[in-house]
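# Notes for the structure review
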Amino acid sequence: MIIKATNTRGRPALRRTRTGTALRPLRHRLDPAAVEEIPFRAGDGVRLGLTRVGGGEGDRPAVLLLHGHTASADMFLLPETRNLVDVLLDDGYEPWLLDWRGSCRLPYNETGGKYTYDDVALYDIPEAVAHIRARIGDERPLFVVAHCIGSLTLSLSMTAGLVPGLAGVVSQGVFLTPKLAGRTSLRMTLAGELLRSRIDHIPVDFRKVGLWSRYTPLFALASRKAECPDPTCQILHNSAWGTGASLFAHENLTATTHDRLAELLGPAPLWILPHLRRIELARSVVRWHDTDLRYRALPPNALDAAARIDTPVLLLSGSENGLWLDSQKLCKDVLAHRQPQLDVTYREIPGYGHLDTFIGRGAALDVFGHILDFLGSRR
């Protein structure tokens, strides 16, 4: 359903508001009978998506997959490549996919109530883990493979003690010590100050906004010195929603995946920038809500509470990560110094950027083996 809001003087507002929260269907090549879509709401009432992919035997270790912000569970199910779900199923695991409130399969990045990463860490991830535990019991191992902001918010949940007893965690891109390039940090600050009063999100699909829109200057800026003529690719690969960063190594994508970028990555909300900016300045995952008692379960600074991590962690990153740079290597070095008792391993994937570690044409050969080796040694 779509309604048109009005302001207090009776004049129609400029933006039309989508009120439905139905998830967009997942695209995959699996047997539909093996894909179980589970009705799921977070404790604060927000509708999320939780999908179980059955592997046959009932004693398989479970693996929860967490996407990045504006992505979705689709990034783990690409039908055009050998994807992570395929690899996990073949190796005897039961994948579970969470579409948390930052998923582009849900409308919250464009419409609906605003949120911070505190909400993801407090509600979405712990309650998904609890739901999976209720289904699989306490005897079967439960792992987590998390990408980007999914990994960053997971670190806040872990250091709060909200997801105890995990068998192991694979973190891709960023974990406890976010680090952006200087120009990316500067542009994020400028966008937060100059654009948030004018627009509330940055789209990626130029076909939906059209040439004569308020977003056109952003696409024009992203196209500067771009080698690819596709506007969606330009704003993601050449600009990362206007920040000047890059989300993938272009040559690592198949033509089909490249053509699906507007489906795989959705609009980026600008109202999340203050929290992300605070995190980046602190070089740590910090809580946004300092006075709201509902969030007191979360530590003010996740890095300071890292001793509460009770599971082995594998830190992955592409050598050409154009968004988070060497955040994962920094995390390994910091934890080795501050919390040497933790079981933390770092692996760098040569020739890969950020998102292509999951959606790249050769990820099954170059990346997923590291994940399987880590899970297999702890199952």
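These numbers were taken from a predicted model, which means no experiment stands behind them.

### Quick word on the environment of Leu 372
- Positionally, Leu 372 belongs in helix H14 (residues 368-376).
- On the accessibility criterion, Leu 372 (18% relative accessible area) is buried.
- The sequence separation of Leu 372 and Leu 84 amounts to 288 residues, and the corresponding C-alpha distance is 9.9 Å.
- Residues in contact with Leu 372, not counting those within four places in the same chain, are Val 87, Leu 88, Asp 91 and Tyr 93.

### Remarks on the sheet that holds strand E7 (residues 142-147)
- Reading across the sheet, the eight strands line up as E3-E4-E6-E5-E7-E8-E11-E12 and stay open at both edges, with mixed pairing between neighbours. In this open sheet, the two edge strands, each paired with only one partner strand, are strand E3 (35-41) and strand E12 (344-349). Here the strands of the sheet are splayed against their neighbours by 20° on average, with no regard to which way each runs.
- The pairing of strand E4 (residues 47-53) with strand E6 (residues 94-99) spans four bridges and is classified as antiparallel. Looking at the pairing, Gly 49 lines up with Asp 99 of E6.
- On top of the sheet, helix H3 (residues 149-159) reaches strand E5 (62-66), E7, strand E8 (168-172) and strand E11 (313-318); it is set at about 130° to E7, its chief contact.

### Points about the confidence of the model for the protein
- Averaged over all residues, the pLDDT of the protein equals 90, while 92% of them reach at least 70.
- Taken as a whole, residues 1-19 scores under 50 in pLDDT and shows 23 contacts with residues more than four places along the chain or in a different chain.

### What to know about the packing of aromatic side chains
- Overall, the coordinates contain five aromatic pairs when judged by the stated rule.
- Each ring, one from Phe 76 and one from Phe 358, has its centre 5.3 Å from the other, and the planes form 85°; the classification is edge-to-face. Here Phe 76 is found in the loop between E5 and helix H1 (84-90), whereas its partner Phe 358 is found in helix H12 (residues 356-359), with 282 residues between them in sequence. Phe 358 carries the same exposure label as Phe 76, and that label is buried.

Thresholds applied
Residues numbered from 1 in each chain as written. Predicted model: local features only at pLDDT ≥ 70, side-chain atom pairs only at ≥ 80, totals over all residues. Heavy atoms only, no water. Helix = DSSP H or I, 4+ residues; strand = E, 2+ residues; numbered from the N terminus. Buried < 20%, exposed > 50% of the residue type's maximum accessible area, 1.4 Å probe, protein only. Contact = heavy atoms within 4.5 Å. Pairing = 2+ DSSP bridges. Axes fitted to C-alpha atoms, helices over the stretch in contact; angles between N-to-C directions. pLDDT = per-residue confidence, 0-100. Phe/Tyr/Trp six-rings, centres within 6.5 Å; stacked < 30°, edge-to-face > 60°.

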